[in-house]
Amino acid sequence: MAEHDVKDLGQAAAGRLRIEWAEQSMPVLRQVRERFAKEQPLKGIRLGACLHVTTETAVLMLTLKAGGAQVVLCASNPLSTQDDTAAALVKEYGIPVFAHKGEDNTRYYRHLEAVLSTRPQVTMDDGADLITQLHRDRRELLPDVIGGTEETTTGVVRLRAMEKEGVLAFPVIAVNDADTKHLFDNRYGTGQSTIDGVLRATNILLAGKTVVVAGYGMCGRGVAARANGMGAHVVVTEVEPMRALEAVMDGFPVMPMAKAAEVGDVFVTVTGNTSVIRSEHFARMKDGAILANSGHFNVEIDLDALAKTATARRQVRPFVEEFTMPGNRRVYVLGEGRLINLASAEGHPAAVMDMSFANQALGAEFMVKRGRSLERKVYVVPIDIDREIARLKLASMGVAIDTLSAEQESYLASWRHGT
Ligand code: ADE
């Protein structure tokens, strides 16, 4: 059996069923897999992946393996692993996995190390922890690496900071920046699964509640739209004027967090930044306020400050911790402030991860083909790959679209036509 550190191999059969279920909703990735199986574009490549260990990720791992890669997987977040999926990957599909749901930081980093010790030639990250560890502690492995791919906004922000400082040692493809990724995964995926996570954890009724969404990027828009659709009054907080203006014109009240803190029943952070909800805000919240984060890291809610102020704390349901504040007000934190859509729910649905992970698979193929001639920079997914994914997704949904006539093409190419 493949090397591994997973919780319970006894869950493998259940995991396999769920992987097969996800696969049914991933027609684009399935097509990539069929081609990979024939063409073997990743033949013999050692690929180290640090991703949320979900059924959708499992389908990606099987695609990369079908393409000839030697794949090893660890978790990109201590609380996002689906233990049955991890078990199935090891036992049913022979893929080495290092991931336990609820692992502590020591084990989390031990798992990253297990992946790095296989000397990856291609890295695949969600949040850039694997690449960071490689650049920080395992620099002797850098010469082996052809390139990497990065799934999420937070990871891309970190990589661009590395590139700016001149420390990025190999090229990386920012999968997040493909249109077929962030326009769909971030908006519809995070939107739906965040609400799903909040509801599975709490079973509250959203209708009539005031939901404060911090951050109006693609993820924030998704969360706001879905909460609104379920009858919540949505309030948006932002620091970026253009996004704030969009939120206003999308019909949402926009205000500083200090004010939103007083009116919110449920708070969801999706900013990618630190300490977005902090002491001054906890102090103003209503009794019973519920706080959740759907950004990549557990830094958006200042939990240390909350713990210091609280007079008592207790777990009241799975993924729900109650903090009693001075004056007996209660504040509830969901999923330890980690991304709630993966902590208490199952992450983005397969139909949207289909496009994100088609970008990952094709990005890895591109890196193997072209990485050696690229600079040590962050690259976007080539536009023809992005478009092809959109085309395949539409076809899989049975949606046909028009094509430009010769006259229209020439009209668009000409500056001579006017009033
Ligand atoms: N990120 C968000 N949702 C995910 C999922 N279902 N699988 C892998 N990564 C994810």
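See the structure printed just above.
Residues numbered from 1 in each chain as written. Predicted model: local features only at pLDDT ≥ 70, side-chain atom pairs only at ≥ 80, totals over all residues. Heavy atoms only, no water.

Peer 1: So what about the overall build of the chain? Which residues, and what values?
Peer 2: Secondary structure assignment for the chain yields 17 helices and 15 strands. Taken against the 2.2 N^0.38 rule, which gives 22 Å for 419 residues, the C-alpha radius of gyration of the chain at 22 Å falls within 12% of a compact globule. Total accessible area computed for the chain in this model is approximately 18500 Å², and 52% of it derives from carbon and sulfur atoms. Looking at the chain, you have 48 positive and 52 negative side-chain charges, and the mean spots of the two groups are 1 Å apart. (Helix = DSSP H or I, 4+ residues; strand = E, 2+ residues; numbered from the N terminus. Rg over C-alpha atoms; globule rule 2.2 N^0.38 Å. Areas by Shrake-Rupley, 256 points an atom, 1.4 Å probe, with all protein chains shown as cover. Lys, Arg positive; Asp, Glu negative; His and termini not counted. Charge placed at Lys NZ, Arg CZ, Asp CG, Glu CD.)

Peer 1: Can you explain a nonpolar patch on the surface? Please cite residues and give values.
Peer 2: A surface patch of nonpolar side chains, about 500 Å² in accessible area, is lined by Met 242, Leu 245, Val 248, Met 249 and Val 254. Its place among the elements puts Val 254 in the loop between α10 (241-249) and α11 (257-263). (Patch = residues over 30% accessible without salt bridge, like charges linked within 9 Å, V, L, I, M, F, W, Y side chains within 5 Å. Salt bridge = Lys/Arg side-chain N within 4 Å of Asp/Glu carboxyl O.)

Peer 1: Please set out the site of the ligand residue by residue, giving values where relevant.
Peer 2: Residues in close proximity to the ligand include His 52, Thr 54, Glu 56, Thr 57, Leu 342, Glu 346, Gly 347, His 348, Met 353 and Phe 357, which together make up its full environment. In the environment of the ligand, a nitrogen atom lies 2.9 Å from a nitrogen or oxygen atom belonging to the side chain of Glu 56. Relative to its unbound accessible surface of 260 Å², the ligand loses 96% to contact with the protein. Looking at the shell around the ligand, the elements with two or more residues in it are α3 (55-66) and α15 (350-370). Across the shell around the ligand, the residue classes tally to three nonpolar, five polar and two charged. (Near = heavy atom within 4 Å. Polar contact = N/O pair within 3.5 Å; in protein donor to acceptor, adjacent residues only side chain to side chain. Nonpolar A, V, L, I, M, F, W, Y, C, P; charged D, E, K, R; others polar.)

Peer 1: Which residues make up the packing of aromatic side chains, and what are the values?
Peer 2: Summed over the entire model, instances satisfying the criterion amount to three aromatic pairs. Judged by centre distance (6.2 Å) and plane angle (70 degrees), the rings of Tyr 216 and Phe 252 are edge-to-face. With Tyr 216 in the loop between β8 (210-214) and α9 (218-229) and Phe 252 in the loop between α10 and α11, the pair connects residues that are 36 residues apart, well separated along the chain. Assigned by exposure class, Tyr 216 and Phe 252 land together as buried. (Phe/Tyr/Trp six-rings, centres within 6.5 Å; stacked < 30°, edge-to-face > 60°. Buried < 20%, exposed > 50% of the residue type's maximum accessible area, 1.4 Å probe, protein only.)

Peer 1: Before we move on, could you go through the pattern of salt bridges and cite the residues and values that matter?
Peer 2: Any two side chains of opposite charge can pair if their charged atoms end up close together. If you walk through the whole model with that rule in mind, you get 30 salt bridges. The partner of Arg 18 in a salt bridge is Glu 346, and the shortest N-O contact between them spans 2.9 Å. Here Glu 346 lies in the loop between α14 (340-343) and α15 and Arg 18 lies in helix α1 (residues 12-24), a separation of 328 residues in the sequence. Residue Arg 18 is classed as partly exposed on the basis of its relative accessible area of 25%. With a closest N to O distance of 4.0 Å, Glu 365 and Lys 369 form a salt bridge.

Peer 1: Hey, could you go over the environment of Ala 350 for me, with residue numbers and the actual values?
Peer 2: Structurally, the position occupied by Ala 350 is in helix α15. You can call Ala 350 buried: its relative accessible area is 8%. Ignoring any residue separated from it by four or fewer positions in sequence, one finds Ala 350 in contact with Ala 22, Ser 25, Met 26 and Glu 56. (Contact = heavy atoms within 4.5 Å.)

Peer 1: Please give an account of the sheet that holds strand β2 (residues 46-51) that cites residues and values.
Peer 2: Strand pairing in a sheet relies on backbone hydrogen bonds, with the paired strands running either antiparallel or parallel. Spatial strand order, β1-β4-β3-β2-β5-β6-β7-β15: eight strands in an open sheet with parallel pairing. For this open sheet the edge positions go to β1 (4-5) and β15 (378-380), each flanked by a neighbour on one side alone. Direction of pairing for β2 relative to strand β5 (residues 122-125): parallel, over a ladder of four bridges. Among the inter-strand pairings, Gly 48 is bridged to a residue of β5, identified as Thr 123. Relative to strand β3 (residues 70-75), helix α5 (residues 105-116) is tilted by about 170 degrees, and along the sheet it contacts β1, β2, β3 and β4 (97-98). (Pairing = 2+ DSSP bridges. Axes fitted to C-alpha atoms, helices over the stretch in contact; angles between N-to-C directions.)

Peer 1: Would you mind going over the side chain of His 52 in detail, with residue names and values included?
Peer 2: Of note, His 52 is situated in the loop between β2 and α3. Within the local environment of His 52, its side chain forms a polar contact with the side chain of Ser 80, the two groups lying 2.7 Å apart. His 52 has contacts with Thr 57, Ser 76, Asn 77, Ser 80, Asp 126, His 296, Leu 339 and Leu 342, leaving out every residue within four places of it along the chain.

Peer 1: I'd love a proper account of the sheet that holds strand β12 (residues 312-317), names of residues and values included.
Peer 2: Pairing is mixed across the open sheet formed by seven strands, whose spatial order is β9-β8-β10-β11-β14-β13-β12. Looking at strand neighbours, the two that pair on one side only are β9 (233-237) and β12, the edges of this open sheet. The sheet shows a mean angle of 25 degrees between the axes of neighbouring strands, taken without regard to direction.

Peer 1: Can you tell me about the pairing of β5, naming the residues and giving the values?
Peer 2: With burial as the criterion, each face of β5 is covered, one bearing Val 122 and Met 124 and the other bearing Thr 123 and Asp 125. Of the strand pairs in this sheet, β5 and strand β6 (residues 147-150) are connected by four bridges, and their pairing is parallel. Residue pairing across strands places Thr 123 opposite Gly 148, the latter belonging to β6. In this view, the connection linking β5 to its parallel neighbour β6 by way of helix α6 (residues 129-137) has right-handed handedness. (Right-handed = clockwise from strand over helix to strand, strands pointing away.)

Peer 1: Describe unusual backbone geometry, and please don't skip the residues or the numbers.
Peer 2: The phi angle of most residues is negative, glycine excepted, and most peptide bonds adopt the trans form. One non-glycine residue, Arg 119, lies in the positive phi region at around 55 degrees. Among the structural elements, Arg 119 can be located in the loop between α5 and β5. Of note in this structure, Glu 336 is not a glycine but carries a positive phi near 55 degrees. Within the secondary structure layout, Glu 336 lies in the loop between β14 (330-334) and α14.

Peer 1: Got a sec to walk through the nonpolar core? Specific residues and values, please.
Peer 2: In this structure, Leu 60, Met 61, Leu 64 and Val 97 are the most contacted members of the largest nonpolar core, which totals 54 residues. Of the residues forming this core, the biggest block, 11 residues, is contributed by α15. With residues up to four places along the chain from it excluded, the contact list for Leu 60 reads Leu 29, Leu 51, Met 124, Phe 357, Gln 360 and Ala 361. Within the second largest apolar cluster, 27 residues are counted, among which are Leu 206, Val 268, Val 270 and Val 320. (Core = buried A, V, L, I, M, F, W, Y, C linked by side-chain atoms within 4.5 Å.)

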